[in-house]
Amino acid sequence: AQSVSQHNHHVILSEAASLELGCNYSYGGTVNLFWYVQYPGQHLQLLLKYFSGDPLVKGIKGFEAEFIKSKFSFNLRKPSVQWSDTAEYFCAVNANQAGTALIFGKGTTLSVSS
Amino acid sequence: NAGVMQNPRHLVRRRGQEARLRCSPMKGHSHVYWYRQLPEEGLKFMVYLQKENIIDESGMPKERFSAEFPKEGPSILRIQQVVRGDSAAYFCASSPRGGATDTQYFGPGTRLTVL
């Protein structure tokens, strides 16, 4: 069965620090990869997604993620975080052969102090 | 340009009662997904529906849970005879084509509390 692992449950950073959130998945076939963000009191929003092509994907608000197939990873990065990036971040996967349901990781809570 | 709408946002039920959760997809979207988020857990897929059809219900509990997406009106997730373990946030998402590469757009969720 597919699964998604997010290594960090809670990350605390100061403004301007660099961010990297880990995401690993278990599935040997072709996958589609997503990062969603949930700001306090708001619904889930798509940050970025990867289907094919350039493994370095750029999303909204300065976020990017790199798909490394050999490591089954899709880590999220941002060079310099802001207080407004405080939110919960979810990595999600689906496999073309397994339908369209998204498999989510447990999420990482990011707290940014000003 | 309304997004995915869910109501109610908060629902309190006593054990044994029924819970009905509604989801109106984004305009032009005919594919709806329901997910459940238990405390300290990620979202878990429950069911995927198109208008008048259940496409994938592999994540639905076998008993007490049902879902529909009629030709007219919102999608409904129904939980009969609720138990405390049903307390969770239930999220609905919609997509335009239902493909694996489609972005799923999420609603604000319904937080169900079972007393």
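Provided above is the structure to which this section pertains.
Just so it is clear, the model here is predicted, and its values are computed rather than measured.

A. Spotlight on the packing of aromatic side chains. Summed over the entire model, instances satisfying the criterion amount to 14 aromatic pairs over all chains. Taken together, a centroid distance of 6.0 Å and an interplanar angle of 50° make the contact between Tyr 36 of chain A and Phe 104 of chain A tilted. Highlighted residues: Tyr 36 of chain A in strand E5 (residues 31–38) and Phe 104 of chain A in strand E11 (residues 103–104), separated in sequence by 68 residues. Each member of the pair, Tyr 36 of chain A together with Phe 104 of chain A, is buried. An aromatic cluster is defined as three or more aromatic residues linked by ring pairs; in this entry it consists of Phe 34, Tyr 36, Phe 51, Phe 90 and Phe 104 of chain A together with Tyr 35, Phe 45 and Phe 106 of chain B.

B. Seen up close, the interface of chain A and chain B. Facing 20 residues of chain A, the contacting portion of chain B comprises 21 residues. Both faces combined, the contact of chain A with chain B buries some 1,700 Å², and carbon together with sulfur accounts for 55% of it. One salt bridge connects Lys 106 of chain A with Glu 41 of chain B, and the closest N-O pair in it is separated by 3.7 Å. Counting every contact that joins chain A to chain B gives seven residue pairs in polar contact (both at pLDDT 80 or more). If you list the elements that add at least two residues to the side of chain A that touches chain B, you get E5, strand E6 (45–50) and strand E10 (87–95) of chain A.

C. Representation of the pattern of salt bridges. Residue and element names in this part refer to chain A. In the structure shown here, the tally under the stated rule is nine salt bridges over all chains. The salt bridge involving Glu 64 is made with Arg 77; its shortest N-O contact spans 3.4 Å. Here the residue Glu 64 occupies a position in strand E8 (residues 64–68), and Arg 77 occupies one in strand E9 (residues 73–78), the gap between them amounting to 13 residues. Through salt bridges that share partners, Lys 58, Glu 64, Glu 66 and Arg 77 make up one connected network.

D. Summary view of the sheet that holds strand E8 (residues 75–79) of chain B. All names here are of chain B. Here four strands make up an open sheet; going across it, the order is E1-E3-E8-E7 and the pairing antiparallel. The sheet is open, and its two borders are formed by strand E1 (5–7) and strand E7 (65–68), each paired with just one other strand. On average, each strand axis in the sheet is tilted by 15° relative to the strand beside it, whichever way the strands run. One ladder, built from four bridges, connects E7 with E8; its direction is antiparallel. Bridge assignment links Ser 66 to a residue of E8, and that residue is Arg 78.

E. Expanded view of the side chain of Asn 75 of chain A. Residues and elements named next belong to chain A. Within the element layout of this structure, Asn 75 appears in strand E9. For Asn 75, the side chain forms a polar contact with the side chain of Glu 20, separated by 3.1 Å. Within polar-contact distance, the side chain of Asn 75 engages the backbone nitrogen of Cys 23 at 2.9 Å. Dropping the residues within four chain positions of it, Asn 75 is found in contact with Glu 20, Leu 21, Gly 22, Cys 23, Trp 35, Glu 64, Ala 65 and Glu 66.

F. Focus on the state of the cysteines. Following the criterion strictly, the structure yields two disulfides over all chains and no others. For Cys 23 of chain A, the disulfide goes to Cys 91 of chain A, at an S-S distance of 1.9 Å. Taking the sign of the S-S torsion, about -65° here, the bridge from Cys 23 of chain A to Cys 91 of chain A comes out left-handed. Note that Cys 23 of chain A is positioned in the loop between strand E3 (19–21) and strand E4 (24–26) and Cys 91 of chain A in strand E10, a separation of 68 residues in sequence. Each member of the pair, Cys 23 of chain A as well as Cys 91 of chain A, carries the same accessibility label: buried. Linked covalently through their sulfurs, Cys 23 of chain B and Cys 92 of chain B form a disulfide whose S-S length is 1.7 Å. Between Cys 23 of chain B and Cys 92 of chain B the disulfide shows an S-S torsion of about -50°. By sign, it is left-handed.

G. Focus on the side chain of Ser 75 of chain B. All names here are of chain B. Considering the arrangement of structural elements, one finds Ser 75 in strand E8. Residue class for Ser 75 comes out buried when judged on its relative accessible area of 0%. A polar atom in the side chain of Ser 75 sits 3.0 Å from the side chain of Trp 34. In terms of polar contacts, Ser 75 uses its side chain to reach the backbone carbonyl oxygen of Glu 68, at 2.9 Å. Every residue in contact with Ser 75, bar those within four places of it in the chain, is listed here: Leu 21, Arg 22, Cys 23, Val 32, Trp 34, Leu 49, Glu 68 and Phe 69.

Reading the values: rules and limits
Residues numbered from 1 in each chain as written. Chains lettered and ligands numbered in written order. Predicted model: local features only at pLDDT ≥ 70, side-chain atom pairs only at ≥ 80, totals over all residues. Heavy atoms only, no water. Phe/Tyr/Trp six-rings, centres within 6.5 Å; stacked < 30°, edge-to-face > 60°. Helix = DSSP H or I, 4+ residues; strand = E, 2+ residues; numbered from the N terminus. Buried < 20%, exposed > 50% of the residue type's maximum accessible area, 1.4 Å probe, protein only. Contact = heavy atoms within 4.5 Å. Buried area = accessible area lost by both parts, 1.4 Å probe. Salt bridge = Lys/Arg side-chain N within 4 Å of Asp/Glu carboxyl O. Polar contact = N/O pair within 3.5 Å; in protein donor to acceptor, adjacent residues only side chain to side chain. Pairing = 2+ DSSP bridges. Axes fitted to C-alpha atoms, helices over the stretch in contact; angles between N-to-C directions. Disulfide = S-S within 2.5 Å.

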